[in-house]
Amino acid sequence: MPSEKLRWETLQALKNSSKANISYDPYWSERGEDILAGCKEALSLSSHSGVILQRLNSSPLQKSCFMGSSSGESSPGLSEEVSASVSSAGSISDINAKSCRFPHVMGSSAVSPDLILNLCSQMALKLRQEMQEKLVAEVASSESEQLKRFEEFMELKQRQEYQTMRDMMDRETKESIGRQEKLKEEQRHRMKILNLRLREAEQQRVREAELERQRQAEGRERLRNLNTIQEEILQLNQLLDLSSQTKADLPAASLSSLSTRGNQLCSQVSEVVRKTAEGEFPSMDDMTAAERALHEMRALIRLMQEEVAKTQEKKKKEQEQEEEHRKQVELQAQQEAQKKAAQSAIEKAKRKGLQNSAEDSTLKWYKELQESAAQCAQSIEQLSTTKDAQIKKLKLELQKAATIPVSQISSNSGSQLREIFDKIDKLLSGKAVVSGGRSVSTSHHPQGLDFVSYKLAEKFVKQGEEEVASHHEAAFPIAVVASGIWELHPRVGEFILAHLHTKCPYAVPHYPPMKEGTTVEDYQRILGYRVHDSGVEGQDSFLKRMSGMIRLYAAIIQLRWPYGSKQGSAPHGLNHGWRWLAQMLNMEPLADITATLLFDFLEVCGHALMRQYQVQFWKLILLLKDEYFQRIEAVTTTGQMGSVIRLKQFLELQTMFWGPYFPLT
């Protein structure tokens, strides 16, 4: 179509125009310019607008214009042509609206064609300019809206980028925190492992230090044990030397071999000790060798003791046979002499009155016992007062081994008496016994036997002083063990008498006189009283202790160990009880003491004396009842009548029971 071609030519012309070349500068806002600055300039026709006008002045347009000038009815046709010619630049309704303004001009008078053409051109140009301005305004509005959308898009993109960046930063932050946590966890793990290793290293160091300390302690303990073993071996070797020097009851060849082997064992242990002098501790092998040497040395001592015991037993049997024969002869003579002595004592008492002290022979016997005990106490003084720790320990163990079995004797002992007796007998025989979980023997020290004998006798007397005083029935089990030990080990019996006479001189009987220069407290101790810082013990306590010791003595003289050989007479039999009773009746009575002791003595062994001496003993009882009792009553005050009444009732009961069997003419 012609109009279509016209449009493209018009657009080509506009394209070639400088105003049509609109470029976008992204930096216009930085320079402060308006984006539509170039579009708001005044419009002007280009040099090519003549071509357009020439084309607009084509023949159809001219005809229509001239036709319109001759008739007013033709003006609408002109308007349509003008509208068609400019349809490419604006809407037809707008051009029609404007072309309606000049029909009256064209219709009023005849107008030249050039004038009409100019008017139409101006009109078309004006319309085009308006439409161009409107188009520019629309384009500017559209561009403004697009710019807003672009800005909104850019703002959205910025927000998205910012959000993406924030997300990325958050993600990186989280990753960084995760890495930090992982590093921290790895660090904690490494620290934990390091601490564990340090702790293990410290524990290992502590273990090593503890092992070293334990090794040092064990080494020192082994060294102490080695020194103890050496000391014991040397002591045992001294016993061998003493036995060889004193010519013990062994053949010379046997003693020589034992002594030689003992010296060899001492040399072995000394060699082990010499190694430790260089600052090293003895090894387990060294200790084993030393202990083996000690066991062998103990075996040598036991062998020697067994051989000595066998030899002594053989000699003892021979001596016992001779002694038995001699005692039988002496017993017959003694019984005759006792009968004569009892008769003479009664006659002497009637003829001369009573004495204030014991007979000279009795006092001599008493002094010999005291001297023997004093010599023994002096010989064991070194053992009792030593400062050597090992000897102190040995002394304590020996004392426990001697005294604890005696403490276990009571009226309820029963079958335990034989076990107690055997334990004491083994200790006194030099054999090893277990005390406090450790083996101990009197052969471990030269004064061991004397020490045990002395302490054992002291404990027997102390049991009479305490246990028998509180429980009278305990006198018999204690006495039967003491009598059995006395029979096998006479030296213990001598010490029992010595301790008994020291604590209870009335058991001699002996009334010690007060010597010049002796204080009252010392004299009271000699009489048997306990003197404390607070004063002297009461009379009741004193009589109770004296009663316990006299009861023990009365039980000893009538009892024998039931499991012994029972060959010969008892070591301290009823003849000593007869002597004691006869001498008591020949001495002036003491207030409260004499009545108490006579009652206790007769209550315990009166029946045994009656069976042994019969009529002669009955005569003494009658002498006591009829004559001596009056002397007791004479020296007794009103407050001391308790013991006198008990003695009187006892004598009356004995008279009623035994009187019919021994009628005296």
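Look up a bit, the structure's there.
Residues numbered from 1 in each chain as written. Predicted model: local features only at pLDDT ≥ 70, side-chain atom pairs only at ≥ 80, totals over all residues. Heavy atoms only, no water.

J.: Let's hear about the overall build of the chain: which residues, and what values?
T.: For the chain, the count of helices and strands is 22 helices and four strands. Here the chain holds 665 residues, and the buried ones make up 35% of them. In the chain, the proportion of contacts linking residues at least 24 apart, taken out of those at least 6 apart, comes to 74%. With the model as given, the accessible surface of the chain reaches about 40000 Å², and the carbon-plus-sulfur share is 53%. (Helix = DSSP H or I, 4+ residues; strand = E, 2+ residues; numbered from the N terminus. Buried < 20%, exposed > 50% of the residue type's maximum accessible area, 1.4 Å probe, protein only. Contact = heavy atoms within 4.5 Å. Areas by Shrake-Rupley, 256 points an atom, 1.4 Å probe, with all protein chains shown as cover.)

J.: For the packing of helix α15 (residues 475–488) against helix α16 (residues 490–503), give the residues involved together with the corresponding values.
T.: In contact at an axis separation of 5 Å, α15 and α16 are set at 125° when each is read in the N-to-C sense. Judged by the inter-axis angle, α15 sits oblique to α16. Where α15 approaches α16, its residues Ala482, Ile485, Trp486, Glu487 and Leu488 are matched on the opposing element by Pro490, Val492, Gly493, Glu494, Ile496 and Leu497. Of the residues in the contact of α15 with α16, the class split is eight nonpolar, one polar and two charged. (Axes fitted to C-alpha atoms, helices over the stretch in contact; angles between N-to-C directions. Parallel < 35°, antiparallel > 145°, perpendicular 65-115°, else oblique. Nonpolar A, V, L, I, M, F, W, Y, C, P; charged D, E, K, R; others polar.)

J.: Which residues make up α16, and what are the values?
T.: For α16, with 14 residues, the first-to-last C-alpha span of 20 Å sits near the 20 Å given by 1.5 Å per residue. For α16, every residue scored as buried is listed here: Val492, Gly493, Phe495, Ile496, Leu497, Ala498, His499, Leu500 and His501. Buried residues belonging to α16 abut α10 (360–379), α13 (416–428), α14 (448–470), α15 and α18 (539–556). (Expected span 1.5 Å × (residues − 1).)

J.: Go over the nonpolar core with me, naming the residues and quoting the values.
T.: Counting residues in hydrophobic clusters, the biggest one holds 96 residues, and the most contacted among them are Val481 and Phe601. For Val481, the contacting residues outside a window of four places in its chain are Ile409, Leu417, Phe421, Ile424, Phe460 and Trp561. (Core = buried A, V, L, I, M, F, W, Y, C linked by side-chain atoms within 4.5 Å.)

J.: Any chance you could break down the packing of aromatic side chains for me, citing the residues and the numbers?
T.: Evaluated as defined, the whole model comprises nine aromatic pairs. Between Tyr529 and Phe542, the ring centres sit 3.8 Å apart and the planes meet at 10°, which makes this aromatic pair stacked. One end of the pair, Tyr529, is in the loop between α17 (520–526) and β3 (531–532); the other, Phe542, is in helix α18, and 13 residues separate them in sequence. Take Tyr529: its relative accessible area is 17%, and that puts it in the buried class. You can call Phe542 buried: its relative accessible area is 0%. Through successive ring pairs, a cluster of aromatic residues spans Tyr506, Tyr511, Tyr529 and Phe542. Against the face of Tyr563 rests Arg418, its NZ or CZ located 4.2 Å from the ring centre. (Phe/Tyr/Trp six-rings, centres within 6.5 Å; stacked < 30°, edge-to-face > 60°. Lys NZ or Arg CZ within 6 Å of the ring centre and 35° of its normal.)

J.: With reference to specific residues and values, describe helix α21 (residues 615–635).
T.: An α-helical turn contains 3.6 residues, so any two residues separated by three or four positions project in the same direction. Here α21 is 21 residues long and its end C-alpha atoms lie 29 Å apart, about the 30 Å a rise of 1.5 Å per residue gives. Residue Tyr628 marks the point of greatest curvature in α21, where the axis turns by about 45°. The set of residues buried in α21 consists of Gln616, Phe617, Trp618, Leu620, Ile621, Leu622, Leu623, Leu624, Tyr628, Phe629 and Ile632. (Bend = angle between axes of the 7 residues up to and from the residue.)

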